[in-house]
Amino acid sequence: MDEPLVTRMAGFGETVFAEMTRLADETGAINLGQGFPDTDGPRSLLEGAARRIAGGVNQYPPGSGRIELRTAVAEDRRTRYGLDHDPETEVYVTVGATAGIAASVLALVEPGDEVVLFEPMYDSYSGAVALAQGVRRPVTLRPSADGAGTRFAFDPDELRAAVTPRTRMIIVNSPHNPTGTVFTAAEMGLIAELCRDNDIVALTDEVYEHLTYDGVAHLPLASFPGMAERTLSVSSAGKTFSVTGWKVGWVTGPAPLVRAVRTVNQFLTYSANGALQLAVADALRDEAEWVRAQRDALQGKRDRLAAGLAAAGFGVEPAQGSYFLMADIRPLGFADGVETARSLPRLAGVAAVPAQVFYADQEKGRHLVRFAFCKKDGVLDEAAARLRAFGGG
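Residues numbered from 1 in each chain as written. Predicted model: local features only at pLDDT ≥ 70, side-chain atom pairs only at ≥ 80, totals over all residues. Heavy atoms only, no water.

Draft legend 1. Focus on the packing of helix 11 (residues 288-312) against helix 13 (residues 377-391). Running from N to C, helix 11 and helix 13 cross one another at 10 degrees; their axes reach a closest spacing of 8 Å. Classified by the angle between their axes, helix 11 and helix 13 sit roughly parallel to one another. Counted together, K301, R304, L305, G308, L309, A311 and A312 of helix 11 and D377, L380, D381, A384, L387, R388 and G391 of helix 13 form the full contact between these two elements. Within the contact of helix 11 with helix 13, the residues separate by chemical class into 7 nonpolar, 2 polar and 5 charged. (Axes fitted to C-alpha atoms, helices over the stretch in contact; angles between N-to-C directions. Helix = DSSP H or I, 4+ residues; strand = E, 2+ residues; numbered from the N terminus. Parallel < 35°, antiparallel > 145°, perpendicular 65-115°, else oblique. Contact = heavy atoms within 4.5 Å. Nonpolar A, V, L, I, M, F, W, Y, C, P; charged D, E, K, R; others polar.)

See below:
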């Protein structure tokens, strides 16, 4: 029979993360492509989950999530950002942040509605917009010099031009994957202004909220004037506590928007693992020091890999947050990131992700690949040595 995939998903195949991880496995390469750490989270978190599972917490939790976790999330956002959420109606637990993002887009975007996104963009955003039959309106982040150095940033005029009468939603990812940019107060303020003036809903992906470096602060869009009532904020335990496989996330926001997300998601994943939710609730309250130590360690790993990539001949863009460094392949004589990423596992013994797959117009990111630095120091050092040998450095 003909290809059964629905037309709106015809442009989507296997994710680049799966492809590069498979290549790393096949070749024995060091996998700096997919963003998962090679160490576990705090011992109390792991033991708490095991204790709950052994104690019989193995059946369906409430569809909105365990109240213990919803309460802990509300307390955390109140303490750190001054945002007040009712755990009963304004916090909703999902199977990771990706499910929360997808359910939010499906709940709020009608066919033909436009969604403004910042590219390069995490690939699930495009998939969710396509499923909702929305229209992407990408705004490109480009390396830009400011008083603090070079960082990826958007042109305010380009953002203004992307907003039209058909714009329903702006998706904001900060700290940003894959560039590592953390949006400034001025950038967030402009996004907030456009949302308020044009009656636009904001969806924020904040999974790297704890992982910012060099004293740079994460600023949640919901904390800006007039935005609490029109922002859905998504985060998760995976990146914060180095348990990416647990897939415990949450959506916070005003009750009507959260109710819309719940209405959709109850027919998708329904509920997340209850035992893991209870363990995460404890960790949100008790493991702040572990999170700070992890952030500091990751800052050192960022610097370690950046130095190794530069020594191998790559052009390296700094990262203010997240797990990732963007590297320019042109100084090594390469021009196409997909070809380079597919060759690196076999030729260099290191896997990366081509950044062009994160762009609507792939030519914009053709010269970039993304490396993850959330690995043990010895792994990063070995990867850097292999890349130096490959690049002749």
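Draft legend 2. Quick look at helix 7 (residues 185-198). For helix 7, spanning 14 residues, the distance from its first C-alpha to its last is 20 Å, which sits close to the expected 20 Å at 1.5 Å a residue. Within helix 7, burial applies to E187, M188, L190, I191, A192, L194 and C195. At the exit of helix 7 stands D199, carrying a positive phi of roughly 55 degrees. (Expected span 1.5 Å × (residues − 1). Buried < 20%, exposed > 50% of the residue type's maximum accessible area, 1.4 Å probe, protein only.)

Draft legend 3. Representation of helix 11 in the model. Here helix 11 spans 36 Å end to end across 25 residues, near enough to the 36 Å set by a 1.5 Å rise per residue. Burial in helix 11 covers these residues: V291, Q294, L298, K301, R302, L305, A306, G308, L309 and A312. Packed against the buried residues of helix 11 are helix 8 (237-240), strand 11 (315-317), strand 12 (324-328), strand 15 (368-372) and helix 13. A positive phi of about 110 degrees marks G313, the residue just after helix 11.

Draft legend 4. Highlighting unusual backbone geometry. Residue P120 is bonded to the preceding E119 through a cis peptide linkage, with omega at 5 degrees. Inspection of the secondary structure puts P120 in the loop between strand 3 (114-119) and helix 5 (123-131). The omega torsion of the bond from N177 to P178 falls at 20 degrees, within 30 degrees of zero and hence cis. As for its position among the elements, P178 is in the loop between strand 7 (167-173) and helix 7. For K247, which is not glycine, the phi dihedral falls at a positive 55 degrees.

Draft legend 5. Examining the sheet that holds strand 15 more closely. Pairing within the open sheet is antiparallel, and its 4 strands lie in the order 11-12-15-14. Each end of this open sheet is capped by a strand with a single partner; those strands are strand 11 and strand 14 (353-354). Judged from the 2 bridges that link them, strand 14 and strand 15 form a sheet pairing that is antiparallel. Looking at strand 15, one finds that V353 is bridged to R370. (Pairing = 2+ DSSP bridges.)

Draft legend 6. Spatial organisation of the nonpolar core. Residues V105, F314, F371 and L387 are the most contacted members of the largest nonpolar core, which totals 55 residues. In terms of domain composition, this core takes at least three residues from each of domain 1 (7-41 + 289-392) and domain 2 (60-286). Ignoring any residue separated from it by four or fewer positions in sequence, one finds F314 in contact with L309, A327, D328, I329, L332, V369, F371 and L387. Among the nonpolar cores identified, the runner-up in size contains 34 residues, and V16, F154, A162 and L368 belong to it. (Core = buried A, V, L, I, M, F, W, Y, C linked by side-chain atoms within 4.5 Å. Domains from an automatic or database assignment.)

So, to be careful, I would describe these as geometric facts and stop short of saying anything about function.
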